[in-house]
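# Chains, contacts and geometry: an overview
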Amino acid sequence: PLSPDTVGGDPMGLPYSTFDHSRAHYFRYDEHVSLCLEKLSSSKDKSKAVLQQKYVRCSVRAQIRHLRRVLCHRLGLPLQHVQILFDNEPLPDHMTMKQLWLSRWFGKPAPLLLHYSIKDKRR
C-alpha cells in the first residue's frame, strides 16, 4: 500500500520537483558569479572614469563583451576605449564568466577580481 507521503513521488519516496524545466533557459535560473571591477591604476588619471559600484553579480553565461558594454554604459565611454584585464592580461570578448572562473579563479574566494583600463583617446 502507498503511504500518503509517497503519493505523487517516485518509488524511492522522494517528491517530484515542482521546477518548470521549460523555462530553465532564462538567465535567472543560472549559476551566478560575483565580480569586483577595479580601475587599473595609472599615475596621471586617478579620479577619471571610476565606478561608483565596483561589485557586480552576473550569470555564468555572461561574456566579457557583455561586461564591457555594461562598463562602458556606466562610465559613459565608447566601447573601443574600455578593456577588461585579469593579471594585466586582456581578456577575449567571447570568454564566459564560467570559463574565466574555472580557468583563473577556481578554489579562490569570491569575488573574482578583474581590472579595467581606459585606452587613451588619441590612439
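Before reading on, note that the structure itself is shown above.
A brief report on the enclosed structure follows.

What counts and what doesn't
Residues numbered from 1 in each chain as written. Predicted model: local features only at pLDDT ≥ 70, side-chain atom pairs only at ≥ 80, totals over all residues. Heavy atoms only, no water. Helix = DSSP H or I, 4+ residues; strand = E, 2+ residues; numbered from the N terminus. Contact = heavy atoms within 4.5 Å. Areas by Shrake-Rupley, 256 points an atom, 1.4 Å probe, with all protein chains shown as cover. Buried < 20%, exposed > 50% of the residue type's maximum accessible area, 1.4 Å probe, protein only. Arc of directions from axis to C-beta. Phe/Tyr/Trp six-rings, centres within 6.5 Å; stacked < 30°, edge-to-face > 60°. 1 Å grid on protein atoms, 1.4 Å probe; cavity = no way out; pocket = protein on both sides within 12 Å on 5 of 7 lines; lining within 4 Å. Points joined across faces, edges and corners; volume = space filled by probe spheres on them. Nonpolar A, V, L, I, M, F, W, Y, C, P; charged D, E, K, R; others polar. Polar contact = N/O pair within 3.5 Å; in protein donor to acceptor, adjacent residues only side chain to side chain.

Before going further, it helps to spend a moment on the overall build of the protein chain. Counting secondary structure elements, the protein chain contains two helices and five strands. Taken from the N to the C terminus, the helices and strands of the protein chain come in the order β-β-α-β-β-α-β. Taking the intrachain contacts of the protein chain between residues at least 6 apart in sequence as the baseline, contacts between residues at least 24 apart amount to 64%. By element, 54% of the accessible surface of the protein chain is carried by carbon and sulfur atoms, the whole surface being about 9,000 Å².

Within the secondary structure layout, Leu75 lies in helix α1 (residues 64–75). Measuring from C-alpha to C-alpha, the distance between Leu75 and Val50 comes to 7.4 Å, with 25 residues separating the pair along the chain. Setting aside chain neighbours within four positions, we find Leu75 in contact with Ala49, Val50, Leu51, Tyr116 and Ile118.

Right, let's talk about helix α2 (residues 97–105) for a bit. Buried within α2 are the following residues: Met97, Leu100 and Trp105. Here the buried residues of α2 occupy an arc of 65° about the axis, which is enough to place them on one side. Looking at the buried positions of α2, the neighbouring elements they touch are β1 (32–39), β2 (55–59), α1, β3 (82–86) and β5 (112–118). Gly107 sits one or two positions beyond α2 and adopts a positive phi of about 90°.

Glancing now at the packing of aromatic side chains. Overall, the coordinates contain one aromatic pair when judged by the stated rule. Ring centres 6.1 Å apart and planes at 85° place the aromatic pair Phe86 and Trp105 in the edge-to-face group. Within this pair, whereas Phe86 is found in strand β3, its partner Trp105 is found in helix α2, the two being separated by 19 residues in sequence. Across this residue pair, the class does not change: Phe86 and Trp105 are buried.

Turning our attention to the environment of Ile118. Mapped onto the elements of the fold, Ile118 is located in strand β5. A sequence separation of 43 residues divides Ile118 from Leu75, and the C-alpha atoms of the two residues are 10.0 Å apart. Excluding anything up to four places from it in sequence, Ile118 contacts Lys39, Ala49, Leu75, Leu77, His81 and Val82.

To continue, consider empty space enclosed by the protein. Counted according to the given criterion, the structure contains one cavity of 30 Å³ or more. Lining of the largest cavity is provided by Leu37, Leu51, Val56, Leu67, Val70, Leu71 and Arg74. The class makeup of the residues in the lining of the largest cavity is six nonpolar, no polar and one charged.

With respect to the secondary-structure elements, Ser59 resides in strand β2. Owing to a relative accessible area of 8%, Ser59 belongs among the buried residues under this scheme. Here the side chain of Ser59 touches Asp30 through a polar contact of 2.6 Å, side chain to side chain. Within the structure, Ser59 has its side chain in polar contact with the backbone nitrogen of Arg61 (distance 3.0 Å).

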